[in-house]
Amino acid sequence: MNSSDQNKGAFEYLTTRKDELVGWARKFSLFPYPFVTACCAMEFMSVSSTMYDTDRFGAALPRFSPRQADLLMVVGTITHKQAPVLRRVYEQMCEPKWVMAFGVCATSGGFYRNYAALQGIDKIIPVDVYIPGCPPRPESVIDGIMQLQEKIAGSSHPIVSDRF
Amino acid sequence: MPGDLLERLRARLADEGREAVFAHGLLAVQIPREALLDTANLLKEGFGFDLFLDVTAVDWPDRDPRFDVVYHLYSTRDHVRVRLKTTVPGTDPVVDTLVPLFGAAAYMERECHDMLGIRFRGNEDLRPILLYEGFEGHPLRKDYPKEREQPLVRYRE
Ligand code: SF4
């Protein structure tokens, strides 16, 4: 093995360990921005309060400015009229950012198929985790948060350049 | 007594050749559209129906005239409601506005205009209230395609 290969290997080792470390830190410090529009809100309140307590997952402290948040929780039906606002909120969030579609309305429009309802927020912004249910049970939401945490832990986290 | 009041109202309307019947526990009055303003005025000034609850319309695509325009008024003194109904043809869906009598009518007429395309003569502000600028058509009309979408944000690929 020549020395450049060795360097490359060492670099990759370092990158991986750095990603693990940053991922571990990031997955437990999610700051959600609740974009709450409809009945799913009730379940959102339930899952964030003491009974289910998303604080145990480091994902409870809501930020009501998109600039301070890194998890956009879209909770409820999004109409075509609201879509530009949602898109704007998403664009105002800093990287890294993740999006959760909370409930079937946000996921796919749910049972609304008409002039008003957007057929899933992924038509206008990328989504990381979908939570089915109308509304989803708190357990499903927690499952969704854990899946998102796994995803964060397993992704790369460039902090200095594209490569590192 | 509400029963009394409604009986008096019915007699009074019968004088003017308007038919009023009890339907679903409400006094329902059918009037031609020309008589709308006068009748609403009579109900408000003469019988104390001082609260404008709602205006909406019903689309009967195969009927002529095509639309029913339906008003609900409430008396805060006697706690009774009354329903006013008139018809307008699909080619000329216009009725007089009730804004001079009830300020609250302004918003509800806007909604009715949004959803069913009924125009209210004299209401100067029929901008979209629930829909958005640029929306074409009237979604609660029966001939609006159920699945037609008019998105404001371009979809991702
Ligand atoms: S998914 Fe169900 S509970 Fe949630 S916003 Fe839609 S209709 Fe309401």
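Residues numbered from 1 in each chain as written. Chains lettered and ligands numbered in written order. Predicted model: local features only at pLDDT ≥ 70, side-chain atom pairs only at ≥ 80, totals over all residues. Heavy atoms only, no water.

A. Geometry of the interface of chain B and chain A. Taken together, the contact between chain B and chain A spans 20 residues of the former and 15 residues of the latter. For the pair chain B and chain A, the summed buried surface comes to about 1,400 Å²; carbon and sulfur atoms form 60% of the total. In this structure, the connection of chain B to chain A is made through two salt bridges. Across the salt bridge formed by Arg113 of chain A and Glu149 of chain B, the nearest N and O atoms sit 3.1 Å from each other. Counting across the chain B and chain A interface gives seven residue pairs in polar contact (both at pLDDT 80 or more). Here the side of chain B that touches chain A is built from residues that sort into 13 nonpolar, one polar and six charged. (Contact = heavy atoms within 4.5 Å. Buried area = accessible area lost by both parts, 1.4 Å probe. Salt bridge = Lys/Arg side-chain N within 4 Å of Asp/Glu carboxyl O. Polar contact = N/O pair within 3.5 Å; in protein donor to acceptor, adjacent residues only side chain to side chain. Nonpolar A, V, L, I, M, F, W, Y, C, P; charged D, E, K, R; others polar.)

B. Quick look at the packing of helix H2 (residues 40–48) of chain A against helix H5 (residues 138–154) of chain A. All names here are of chain A. In the contact formed by H2 and H5, the axes pass within 9 Å of each other and the chain directions differ by 70°. Taken together, the axes of H2 and H5 lie roughly perpendicular to each other. Every residue of H5 that contacts H2 at Glu43, Ser46 and Val47 is listed here: Pro138, Val141 and Ile142. Residues belonging to the contact of H2 with H5 are distributed by class as follows: four nonpolar, one polar and one charged. (Axes fitted to C-alpha atoms, helices over the stretch in contact; angles between N-to-C directions. Helix = DSSP H or I, 4+ residues; strand = E, 2+ residues; numbered from the N terminus. Parallel < 35°, antiparallel > 145°, perpendicular 65-115°, else oblique.)

C. Structural context of the packing of aromatic side chains. Residue and element names in this part refer to chain A. The tally for this structure, following the rule as stated, stands at nine aromatic pairs over all chains. Here the aromatic rings of Phe44 and Phe102 are separated by 6.2 Å at their centres, their planes lie at 70°, and the arrangement is edge-to-face. Of this pair, Phe44 sits in helix H2 while Phe102 sits in strand S3 (residues 98–102), and the two are 58 residues apart along the sequence. When sorted by exposure, Phe44 lands in the same class as Phe102, which is buried. Here the aromatic rings of Phe111 and Tyr112 are separated by 4.6 Å at their centres, their planes lie at 55°, and the arrangement is tilted. (Phe/Tyr/Trp six-rings, centres within 6.5 Å; stacked < 30°, edge-to-face > 60°. Buried < 20%, exposed > 50% of the residue type's maximum accessible area, 1.4 Å probe, protein only.)

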